[in-house]
Structures are given as C-alpha cells and as structure tokens.
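Chain by chain, the residues:
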Amino acid sequence: MRRAIYPGSFDPVTNGHLDIIQRGCKLFDEIIVAVLVNPDKQAFFSIEERSEILKEVLKDIDRGDCTVIVESFQGLMVQYASERKANAIVRGIRAISDYEYELQMALMNRRLQPRLETVFMMPAEEYSYVSSRLVKEVFHLGARIDGLVPTIVEERMKKKNAI
Ligand code: PNS
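Residues numbered from 1 in each chain as written. Predicted model: local features only at pLDDT ≥ 70, side-chain atom pairs only at ≥ 80, totals over all residues. Heavy atoms only, no water.

K.L.:
In this structure, what is going on with the pairing of strand β5 (residues 117–121)? I would like to understand it.
P.N.:
Consecutive residues of a regular strand have side chains that alternate between opposite faces of the sheet. In the sheet, strand β4 (residues 88–92) pairs with β5 via five bridges, with the strands oriented parallel. Of the residues in β5, the one forming a bridge with A88 is E117. For the crossover from β4 across helix α4 (residues 96–112) to β5, the handedness is right-handed. (Pairing = 2+ DSSP bridges. Helix = DSSP H or I, 4+ residues; strand = E, 2+ residues; numbered from the N terminus. Right-handed = clockwise from strand over helix to strand, strands pointing away.)

K.L.:
Looking at this structure, I do not really get the packing of aromatic side chains. What am I missing?
P.N.:
All told, the structure shown has four aromatic pairs when counted by the stated rule. Ring centres of F73 and Y80 lie 4.9 Å apart, and the angle between their planes is 15 degrees; on these two criteria the pair is classed as stacked. In terms of burial, F73 and Y80 fall into one category: buried. Measuring from ring centre to ring centre gives 6.0 Å for Y99 and F120, while their planes differ by 80 degrees; the resulting arrangement is edge-to-face. Of the two residues, Y99 is situated in helix α4 and F120 in strand β5; the sequence distance between them amounts to 21 residues. A relative accessible area of 36% places Y99 in the partly exposed class. The exposure class of F120 is partly exposed, given its relative accessible area of 28%. (Phe/Tyr/Trp six-rings, centres within 6.5 Å; stacked < 30°, edge-to-face > 60°. Buried < 20%, exposed > 50% of the residue type's maximum accessible area, 1.4 Å probe, protein only.)

K.L.:
Help me out: how do you make sense of the layout of surface pockets in this one?
P.N.:
Using a probe with the size of a water molecule, rolled over the atoms, empty space left in the structure can be pinpointed. Quantified by volume, the largest pocket comes out at close to 1,200 Å³. Within the residue set of the lining of the largest pocket, elements represented by two or more residues are β1 (3–8), α1 (15–24), α2 (47–58), β4, α4 and α5 (132–140). Of the residues forming the lining of the largest pocket, the biggest block, eight residues, is contributed by α4. (1 Å grid on protein atoms, 1.4 Å probe; cavity = no way out; pocket = protein on both sides within 12 Å on 5 of 7 lines; lining within 4 Å. Points joined across faces, edges and corners; volume = space filled by probe spheres on them.)

K.L.:
Please clarify how the site of the ligand should be interpreted in this entry.
P.N.:
Not every one of the 13 residues close to the ligand is listed here, only the nearest: G8, S9, G75, M77 and R91. M77 is positioned such that a nitrogen or oxygen atom in its backbone is 2.8 Å from an oxygen atom of the ligand. In the environment of the ligand, an oxygen atom lies 3.0 Å from a nitrogen or oxygen atom belonging to the side chain of R91. Of all elements in the fold, only β1 and α4 reach the threshold of two or more residues within the shell around the ligand. With three residues, the top contributor of residues to the shell around the ligand is α4. For the shell around the ligand, a count of residues per class yields seven nonpolar, four polar and two charged. (Near = heavy atom within 4 Å. Polar contact = N/O pair within 3.5 Å; in protein donor to acceptor, adjacent residues only side chain to side chain. Nonpolar A, V, L, I, M, F, W, Y, C, P; charged D, E, K, R; others polar.)

Structure representation (structure tokens):
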C-alpha cells in the first residue's frame, strides 16, 4: 500500500490544499493529512479546530478509492512519517519562490530519512496565488474569500471573528 503524509499548518485549509489532496489521491492509496502542532506559532484556529474543519471539508471532495485521514503531529516530521510507515511526503508548490524553501526542506528530510521520498505537486493555476496567510490577511481586512477556501472555512472564520 502506498501511503503519503501531507504535512502542514492548514491554518486554515484552502481550496489549494484540497486540490493537492485530490491530485495526491491519484498517486497514493492513503493520504494522511498531518497538522503540525507548533506552540511557537500564533495560529488563528487551534489544532482541534483545524483538524475538525479538515475532516468536515474532506467529506465533500472526490477521493476515488483513496483513503484520506486527518491527524496531528509534533516534532520531526520524518520521525512521524516513519512511525506511520509512510512512503512519501506530499508538498504543494505554487511558484518558484516556494521551490527554494521546499527544496531545502526536502533535502534536509532526505538526509534525515533517506528512504522517504518527497513528491512536489502543482495545484490548479487558479490556486497558484492562494495561501493560508494571504487568506487570513485579506479576510481580516474585510475582503471576500469565497472561492479561495471551502464555504465552511469562511463561515468558521466569520464566527470566530465575531467572538
Ligand atoms: O504549511 P507549512 O507551515 O508550510 O508546513 C511546514 C511543515 C509542517 C511541513 C514543516 O514546518 C515541518 O515539517 N515541520 C515539522 C518539524 C520538522 O520536521 N522540521 C524539519 C524540516 S526540514
């Protein structure tokens, strides 16, 4: 069985992330969407909220025969990937600017765990500028984010902002 880990912050999950998961489903039998627990980073949604939202939105996407599960992890990603017996890491690359950082991470991860391959995937062009960071920024400044994130994400962001 070919199992991949798709690690990230997912704060929040965007349509670009979902696009990558769907593409990954064409290559892997199982994808573990792994949310990084990072106490040093100020997040909009908690780990529990991010995981809950991911599980909710993943119900609606076409996954074919692929199993997609959501987990969270702490510490070294390659160690977590080994524990979960994954064959590969999936990462989305939107632009050349992503590539430099992603290449560095992929090579460091390869040094740490040579058996684990990193697979870079490109999202659909319409998501090539979409990032969780920009979504949060424009949302907080009052702009519309429909089409960039699943509807439930937008609803949850509005709800959280209203508290
Ligand atoms: O969505 P992000 O924030 O770009 O994801 C970054 C992530 C989670 C893939 C990366 O920060 C990571 O793997 N962190 C876990 C700690 C680790 O293994 N660091 C060494 C990376 S070479």
